[in-house]
Amino acid sequence: MSDLGIRLALAFLWLLHWLPLPVLAAMARGLGAVLYRLAGSRRKVGLRNLELCFPDMPLADREHLLRQHFQWLTQSLLDRAVLWWASPARIQRLIHIEGDIELAERVYQTEGRATMWLCPHFVGLDVAGAAILLCQKRPGASIYQSQSNPLMDKMMKRGRLRFGNAEIFPRQDSIKPLLRAIKDGRGFFNLPDMDFGMQDAAFVPFFGVQAATLLAPSRMARLLNMVVQPVITELLPNGQGWRVRFMPALHDFPTKDVEADTAALNRFIENEILKQPAQYLWVHKRFKTRPPGEPGLY
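As the structure is a computational prediction, the values presented were derived from the model and not from experiment. (Residues numbered from 1 in each chain as written. Predicted model: local features only at pLDDT ≥ 70, side-chain atom pairs only at ≥ 80, totals over all residues. Heavy atoms only, no water.)

Peer 1: Looking at this structure, I do not really get the overall build of the chain. What am I missing?
Peer 2: When helices and strands are tallied, the chain shows 11 helices and nine strands. A compact globule built from 298 residues would reach a C-alpha radius of gyration of about 19 Å, and the chain, at 19 Å, matches this within 12%. A principal-axis box enclosing the C-alpha atoms of the chain has dimensions of 50 × 50 × 35 Å. Burial status across the chain gives 54% buried among its 298 residues. For the chain, restricting intrachain contacts to residue pairs at least 6 apart in sequence, the fraction spanning at least 24 positions comes to 76%. Surface exposure of the chain reaches about 14,100 Å², of which carbon and sulfur atoms provide 56%. (Helix = DSSP H or I, 4+ residues; strand = E, 2+ residues; numbered from the N terminus. Rg over C-alpha atoms; globule rule 2.2 N^0.38 Å. Buried < 20%, exposed > 50% of the residue type's maximum accessible area, 1.4 Å probe, protein only. Contact = heavy atoms within 4.5 Å. Areas by Shrake-Rupley, 256 points an atom, 1.4 Å probe, with all protein chains shown as cover.)

Put into structure tokens, the structure is as follows:
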């Protein structure tokens, strides 16, 4: 997309932030149905992922699930207008917190340990970042994927840093600044479940399919003696807001067996997906990287 196109899209998003969330949700239902038909390549990826993960599910049910997913995905994109430009007070009213949000501050004050907030790729994950910065005291740090367009890259960083004390580091850069930030007491907002190839990854099952999965959550938690707390997001129906669940810290994690830890983490994510399958990010090529000699799945 050209710079002009991006500026027009951002201007449209800015206008949307004035609308009530229920209106955006209604728009998302219509636009999501259109996007399902127009985004052919992503629709094929989503259907293939669902076929691999739920082979016993009838095709009609998988298609229905993916249509729901496109509506939730579209809502998350429209909701970003609110997250990027609405007042912090309005956003806090829309976020429904469940669980122990004060864990990170408490374990740092009492034990001097940093926390890893583990946030799988549900469509509302940007809300989790906003909740962490708006609703608890511990400063944060995270990694982000640089955008090819400088304007979009600037907006993504601005949107994610506007709420409080946080640092984000480009994925392609050295990990050393991130490690220093964590050692200084920042909580680490970590997204563990995408296929980034085989660098610092292993093949472990994800819904029974071998998936290249990052080993970093286990390795970093062990290296830095971190508490690992899952944070799960959910877009509530009809624009009622967003639920963010700060779950109990993982027990017996990490261990000395990095691959076993990584497989256990995938099983945990699977269980959370089953609770709200339509809101998981099915349009990502989760099984893109294959073991040597195995054909591609897409």
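Peer 1: Mind showing me how you'd approach the pairing of strand β3 (residues 140–144) here?
Peer 2: By the criterion of burial, β3 is predominantly enclosed, with four of the five residues buried. Where β3 meets strand β4 (residues 166–170), five bridges bridge the pair, whose relative direction is parallel. Of the residues in β4, the one forming a bridge with Gly 140 is Ala 166. For the crossover from β3 across helix α8 (residues 150–161) to β4, the handedness is right-handed. In the sheet, β3 pairs with strand β5 (residues 187–190) via three bridges, with the strands oriented parallel. Counted as the bridge partner of Ser 142 is Phe 189 from β5. (Pairing = 2+ DSSP bridges. Right-handed = clockwise from strand over helix to strand, strands pointing away.)

Peer 1: What is the right way to look at the sheet that holds strand β9 (residues 242–246) in this model?
Peer 2: The strands making up a sheet are joined through hydrogen bonds of the backbone, oriented either antiparallel or parallel. On the basis of which strands lie adjacent, the open sheet formed by seven strands has the order β1-β9-β8-β2-β5-β3-β4 and mixed pairing. Two strands bound the open sheet, and with one partner strand each, they are β1 (95–99) and β4. In this sheet, neighbouring strand axes are inclined to one another by 25° on average, regardless of whether the strands run parallel or antiparallel. Two strands pair when backbone bridges link them, and β1 and β9 are joined in this way by five bridges, in the parallel orientation. For Ile 95, the partnering residue across the bridge sits in β9 and is Trp 242. Here helix α9 (residues 176–183) sits on the sheet in contact with β3, β4 and β5, set at roughly 160° to β4. Along the sheet face, helix α11 (residues 258–275) touches β2 (115–118), β8 (227–235) and β9 and points at about 20° away from the line of β8. (Axes fitted to C-alpha atoms, helices over the stretch in contact; angles between N-to-C directions.)

Peer 1: Where do I start with the side chain of Thr 262 in this structure?
Peer 2: Tracing the backbone shows Thr 262 in helix α11. With residues near it in sequence (within four places) discarded, Thr 262 still touches Val 204, Thr 213, Leu 214 and Leu 215.

Peer 1: Just checking my understanding: could you explain the packing of aromatic side chains for this structure?
Peer 2: Think of a pair of aromatic rings as described by two things: how far the centres are apart, and how the planes are tilted against each other in angle. On inspection of all chains with the given rule, the structure shows 11 aromatic pairs. Both rings, one in Phe 207 and one in Trp 282, keep their centres 6.5 Å apart while their planes meet at 45°; by these two values the pair is tilted. A residue pair is termed long-range when its members are at least 10 positions apart, and Phe 207 in the loop between β6 (201–206) and β7 (209–214) and Trp 282 in the segment after α11 qualify at 75 residues. Ring geometry for Tyr 280 against Trp 282: centres 5.2 Å apart, planes inclined by 75°, an arrangement best described as edge-to-face. Per residue, the accessibility class of Tyr 280 equals that of Trp 282, and both read buried. (Phe/Tyr/Trp six-rings, centres within 6.5 Å; stacked < 30°, edge-to-face > 60°.)

Peer 1: Explain the pattern of salt bridges here, please?
Peer 2: Pairing is possible between side chains that carry opposite charge, provided their charged atoms lie close to one another. Across all of its chains, the model carries 14 salt bridges by this definition. Asp 100 is the salt-bridge partner of Arg 106, the closest N and O atoms lying 2.4 Å from each other. Arg 290 is the partner of Glu 294 in a salt bridge, and the nearest nitrogen-oxygen pair spans 2.7 Å. The class of Glu 294 is partly exposed, set by a relative accessible area of 35%. Residue class for Arg 290 comes out buried when judged on its relative accessible area of 12%. Within this structure, Arg 80, Asp 126 and Arg 160 form a network of salt bridges that share partners. (Salt bridge = Lys/Arg side-chain N within 4 Å of Asp/Glu carboxyl O.)

Peer 1: Mind showing me how you'd approach the pairing of β6 here?
Peer 2: Where a strand is regular, its side chains alternate between the two sheet faces. Bridge analysis of β6 against β7 gives six bridges, and the strand direction is antiparallel. Residue Ala 202 lies in a different strand from β7, and its bridge partner there is Thr 213. The loop that links β6 with its antiparallel partner β7 comprises two residues; one of these, Phe 207, has a positive phi angle of about 55°.

Peer 1: What should I look at first to understand the nonpolar core in this one?
Peer 2: As a rule of thumb, soluble globular proteins bury nonpolar side chains together. Of all hydrophobic cores here, the largest spans 87 residues; its most connected members are Ile 91, Phe 206, Trp 242 and Trp 282. Setting aside residues up to four positions removed in sequence, Phe 206 forms contacts with Cys 53, Ala 211, Asn 266, Ile 269, Glu 270, Ile 273, Tyr 280, Arg 286 and Phe 287. (Core = buried A, V, L, I, M, F, W, Y, C linked by side-chain atoms within 4.5 Å.)

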